[in-house]
Structure formats: structure tokens, C-alpha cells
Amino acid sequence: MIKEILAKKIFQKDDLIKLLETEGEDKKLLFQKANEIKIGEVGKKVYYRGLIEFSNICSKSCYYCGIRKDNDNVNRFNLSDVEILSAAKFSHDNNYGSLVLQAGEIESAAFTIRIEKLLKEINKLSSGKLGITLSLGEQSEETYQRWFDAGAHRYLLRIESSNKELYRRIHPENKLHSFEKRNNCLENLQEIGYQTGTGVMIGLPFQKMEDLAEDLLFMKEMDVDMVGMGPYIEHPDTPLWKFKSELIPIQERFNLALKMIATLRILLKDINIAAATALQAIDPLGREKAVKIGANIIMPNITPGIYRNDYSLYENKPCVDEEPEECLHCLDVKIKLADAEIGYGEWGDSKHFFKRTKTEPKF
Ligand code: SAH
């Protein structure tokens, strides 16, 4: 019985699998419970993180990703510092509270210095009031530390899949794509003092329900502060495209992603959970649906419109022909429809982080 599972305090892998397999009335119960827990533990507010996807130049060749190094059909771009700072200012002026700097993965001294300088500039232009999340992949411990010292305080690094064998099947087998290194990076980030987030793709080829349940347990084991996870969406210019016919239908992947979010909320009650953009690629109201069943973070894309088409990780990426200003109002309306409030100007940091580290929020 689903009711009995939902009433539990400790969840085993089998319980999680049952929750992920719910349909109909049982699924409704799961969603209701997740929403109750969310409101009780982290409240009704949704926090915005303005997302700047500032470069699609990448040194990696992950088999699922449209901006992989070996895809020659990508028009590579790299925003100038002035463009990035003006997007940061947009975030600040519109009271978003926080921003996310995301890009393809580059590990170099020049890149480390560039980000360090940008972080200091962003802090300056917002008088330290903009919260900053980085999502710049695997880096050395020293680089992570330098960026932390320069003012970044959250870091998102998805493990993509916590199953080592599956990880290997969706990445080239070489040093640049090592499962161990990715895990080490997550540990480094936590040690340095970042609010640390991870996540996975849902509905990957070869992925089983058991893998997803293990992913949730991995997040618990790691004691993460934040999670961003969403459906896998195939891209024609990637090696995984050839397994297209083996995938579960896209609507089912969407449905499964929602159930992953709801189950995660029940398992890790006080963390921040992002409503991933990939949800919106499948359903125009995808992110708002996620907010109703457990998510509390939205990352509105504030990358200047002309570059958005070139940051195509997957097919049908939403809003690629819009400018940030156009997204503002349409998003606010949709969030209110999802019976949530927007935490304007607030950092909306992970409550779990403060409990874990016995510290107090800054903003
Ligand atoms: N390179 C950075 C961030 C950029 S990619 C990093 O590794 O952290 C951000 C996320 O997009 C990835 O972590 C991956 O989970 C997701 N992604 C990539 N390709 C995708 C696809 N085809 N479908 C769905 N999500 C995808």
C-alpha cells in the first residue's frame, strides 16, 4: 500500500521503487504528500536563480550532450565579460536574488582567473547582494577554493547517474570522463564549504527504475543541499541518438521526472530542489507542475537571446527566441498559478545546508 510507504520515516530502495512506479490515485497521494512536506519544511516560496549560459565551448564529449566537443554542427560562442556582467545586472535589477553561471567544461588557468574576476565584479555591482551558484563542471580543488573565496557560495555538479556502469556507457572511457573524479569533485566542493548540489538525468537509455532509486539514495548518502534533475532528451548530433527507439516515450519520461522530484522531497525534506528547464522543453508548464509537487527553485534563462539557440544540450530547448525581459512576466504569472509565492530579492538558500553546517543564513 502506498499510504503505508508514505507514512514511513526511513525508506528502503524497494519503497522508493514503488513510489516511482505509482500511477493514478497512488501517484496523486505521492504528489500530495510531497507538496505537504515541501510547504511544511521549506515553505511556499519559489526562489529564482537567473541562469547565464555564457559559453558552449566544452572540452568533454559526453554521449548525451548536444554541445559535446566532437559535435561539429555547433556554432560555438563565448559571451564577453561585459555581456555577462550586464546579464548579472539584469538579475540584480529585477530582484532575482541569485544567479547561476553555467557553461561547457573548460579546465585552464585562464578560465579560473576569468571566473574569479567575474565573481568579484558581480559582487561589486550588487554590493554583495546577489547569491551566486556555479555550474562549471569538474575543476581542481584549488580552483574551487579560489572561486569560493571570490564569492561563489553554491555549486551544482550533476553526477548524471550514480550507477558507475551506466555512467561509463553514457561517457567516453578516458580520464576526462571519470566517475571517480566527478565524485571526488563533489567531496571537494562540500569540504570547501559550498552549498553543494547534484542531480541526474531521468529516462536515459539502459537506465532501470532501480538505478533511479539508487540515485535518490546516493543524494541522501552524500547529504546534498540542492538537487537539479530532469528528463533526458535525445539530441540528433550525439552518439546516444541511435538508442532513441529504446527510450520510454517522452511523456512518460516527464511523468517519471515529476515522480523523482516528489519522492526526493519526501526523502530529503529540507533541501532545495530545482524545477529543471528540460521539464519545460517537454511541457510548457513543466516547471510549474514540478513546483506543485516538491520543487522550490526556478532558473529563468537570462542569457541574451541571440546566443540561446547555440546552447542546445537537447532538442526543443524552450524560449530560445526570447529576450530575458519577455520571460519575466510570463514566468511570474505561471508561478502564481502554481499556488506559490516568489521570494524576490532573497537568496533562498538551502535550509538543509544551515542545519548541516550549524550556520545562519546571510540574506
Ligand atoms: N558542463 C557543466 C554544465 C553544463 S550541462 C557541468 O558538467 O556541470 C548541464 C546539465 O545538462 C548536465 O549536467 C546534464 O545533466 C544536462 N544535459 C546534458 N545533455 C542533456 C540531454 N540530452 N538531456 C537532458 N539533459 C541534458
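Residues numbered from 1 in each chain as written. Predicted model: local features only at pLDDT ≥ 70, side-chain atom pairs only at ≥ 80, totals over all residues. Heavy atoms only, no water.

Engineer: Break down the overall build of the chain for me, citing the residues and quoting the values.
Structural biologist: Secondary structure assignment for the chain yields 15 helices and 10 strands. The C-alpha radius of gyration computed for the chain amounts to 19 Å, which stays within 12% of the reference 21 Å derived for 363 residues, consistent with globular compactness. Projected onto its principal axes, the C-alpha positions of the chain cover 55 × 45 × 40 Å. Here the chain, with 363 residues, has 60% of them falling under the buried criterion. Within the chain, contacts between residues at least 6 apart in sequence are counted, and of these 75% link residues at least 24 apart. By element, 52% of the accessible surface of the chain is carried by carbon and sulfur atoms, the whole surface being about 15,300 Å². Of note, the chain has its 51 positive side-chain charges centred 2 Å away from the centre of its 56 negative side-chain charges. (Helix = DSSP H or I, 4+ residues; strand = E, 2+ residues; numbered from the N terminus. Rg over C-alpha atoms; globule rule 2.2 N^0.38 Å. Buried < 20%, exposed > 50% of the residue type's maximum accessible area, 1.4 Å probe, protein only. Contact = heavy atoms within 4.5 Å. Areas by Shrake-Rupley, 256 points an atom, 1.4 Å probe, with all protein chains shown as cover. Lys, Arg positive; Asp, Glu negative; His and termini not counted. Charge placed at Lys NZ, Arg CZ, Asp CG, Glu CD.)

Engineer: Residue-level account of the site of the ligand, with values.
Structural biologist: Surveying the vicinity of the ligand reveals 18 residues, the closest of which are Tyr-64, Glu-105, Arg-158, Glu-160 and Ile-233. Residue Arg-158 places a side-chain N or O atom 2.7 Å away from an oxygen atom belonging to the ligand. Considered on its own, the ligand offers 550 Å² of accessible surface; in the complex 93% of this is hidden by protein. Taken together, the residues of the shell around the ligand sort by class into 11 nonpolar, three polar and four charged. (Near = heavy atom within 4 Å. Polar contact = N/O pair within 3.5 Å; in protein donor to acceptor, adjacent residues only side chain to side chain. Nonpolar A, V, L, I, M, F, W, Y, C, P; charged D, E, K, R; others polar.)

Engineer: Quick rundown of the nonpolar core? Include the residues and the values.
Structural biologist: Proteins that are soluble and globular tend to have nonpolar side chains buried together. Membership of the largest hydrophobic core comes to 106 residues, with the highest contact counts inside it found for Phe-54, Leu-134, Met-219 and Met-229. Contact partners of Leu-134, with chain neighbours within four places excluded, come to Leu-101, Ile-115, Leu-119, Trp-147, Ala-152, Arg-154, Tyr-155, Leu-156 and Tyr-194. Ranked by size, the runner-up nonpolar core spans six residues in total, among them Leu-51, Ala-274, Ile-297 and Met-299. (Core = buried A, V, L, I, M, F, W, Y, C linked by side-chain atoms within 4.5 Å.)

Engineer: I'd love a proper account of the packing of aromatic side chains, names of residues and values included.
Structural biologist: Tallied over the full model, the rule gives 12 aromatic pairs. A centroid spacing of 4.8 Å and a plane angle of 70 degrees characterise the contact between Phe-206 and Phe-243, whose relative ring orientation is edge-to-face. Here Phe-243 lies in the loop between strand E7 (226-231) and helix H10 (250-267) and Phe-206 lies in the loop between strand E6 (201-202) and helix H9 (209-222), a separation of 37 residues in the sequence. Members of the aromatic cluster, each reached through a chain of ring pairs, are Tyr-48, Phe-90, Tyr-96 and Tyr-344. (Phe/Tyr/Trp six-rings, centres within 6.5 Å; stacked < 30°, edge-to-face > 60°.)

Engineer: Can you explain the pairing of strand E2 (residues 98-103)? Please cite residues and give values.
Structural biologist: With six of six residues buried, E2 lies mostly within the body of the structure. Neither face of E2 is exposed, since Ser-98, Val-100 and Gln-102 on one face and Leu-99, Leu-101 and Ala-103 on the opposite face are all buried. Of the strand pairs in this sheet, strand E1 (residues 45-55) and E2 are connected by six bridges, and their pairing is parallel. For Ser-55, the partnering residue across the bridge sits in E2 and is Ala-103. Taken together, E1, helix H4 (residues 81-93) and E2 constitute a β-α-β crossover, and its handedness is right-handed. (Pairing = 2+ DSSP bridges. Right-handed = clockwise from strand over helix to strand, strands pointing away.)

Engineer: Break down a negative patch on the surface for me, with residues and values.
Structural biologist: There is a patch of like negative charges on the surface, built from Asp-321, Glu-323, Glu-325 and Glu-326. Mapped onto the elements of the fold, Glu-323 is located in the loop between helix H13 (305-308) and helix H14 (324-337). Under the relative-accessibility criterion, Glu-323 is labelled partly exposed at 33%. (Patch = residues over 30% accessible without salt bridge, like charges linked within 9 Å, V, L, I, M, F, W, Y side chains within 5 Å. Salt bridge = Lys/Arg side-chain N within 4 Å of Asp/Glu carboxyl O.)

Engineer: So, the pairing of strand E5 (residues 195-198): which residues are in play, and what are the values?
Structural biologist: Neither face of E5 is open: one carries Gln-195 and Gly-197, the other Thr-196 and Thr-198, and all of them are buried. Inspection of the sheet shows strand E4 (residues 154-156) paired to E5 by three bridges, in the parallel sense. By the bridge assignment for E5, Tyr-155 is matched with Thr-196. Summarising the sheet, E5 and E7 pair through two bridges and their orientation is parallel. Residue pairing across strands places Thr-198 opposite Val-227, the latter belonging to E7.

Engineer: Can you break down the pattern of salt bridges residue by residue, with the values?
Structural biologist: Counted by the stated rule, this structure contains 27 salt bridges. Note that Lys-13 is salt-bridged to Glu-214, the shortest N-O span being 2.8 Å. Taken together, the residues Lys-13 in helix H2 (residues 13-20) and Glu-214 in helix H9 connect sequence positions 201 residues apart. A relative accessible area of 23% means that Lys-13 is categorised as partly exposed. Asp-81 is paired through a salt bridge with Arg-114; the nearest N and O atoms lie 2.8 Å apart. Taken together, the residues span a long stretch of sequence, with Asp-81 in helix H4 and Arg-114 in helix H5 (residues 109-125) at a distance of 33 residues.

On their own, these measurements won't tell you what the molecule is for.
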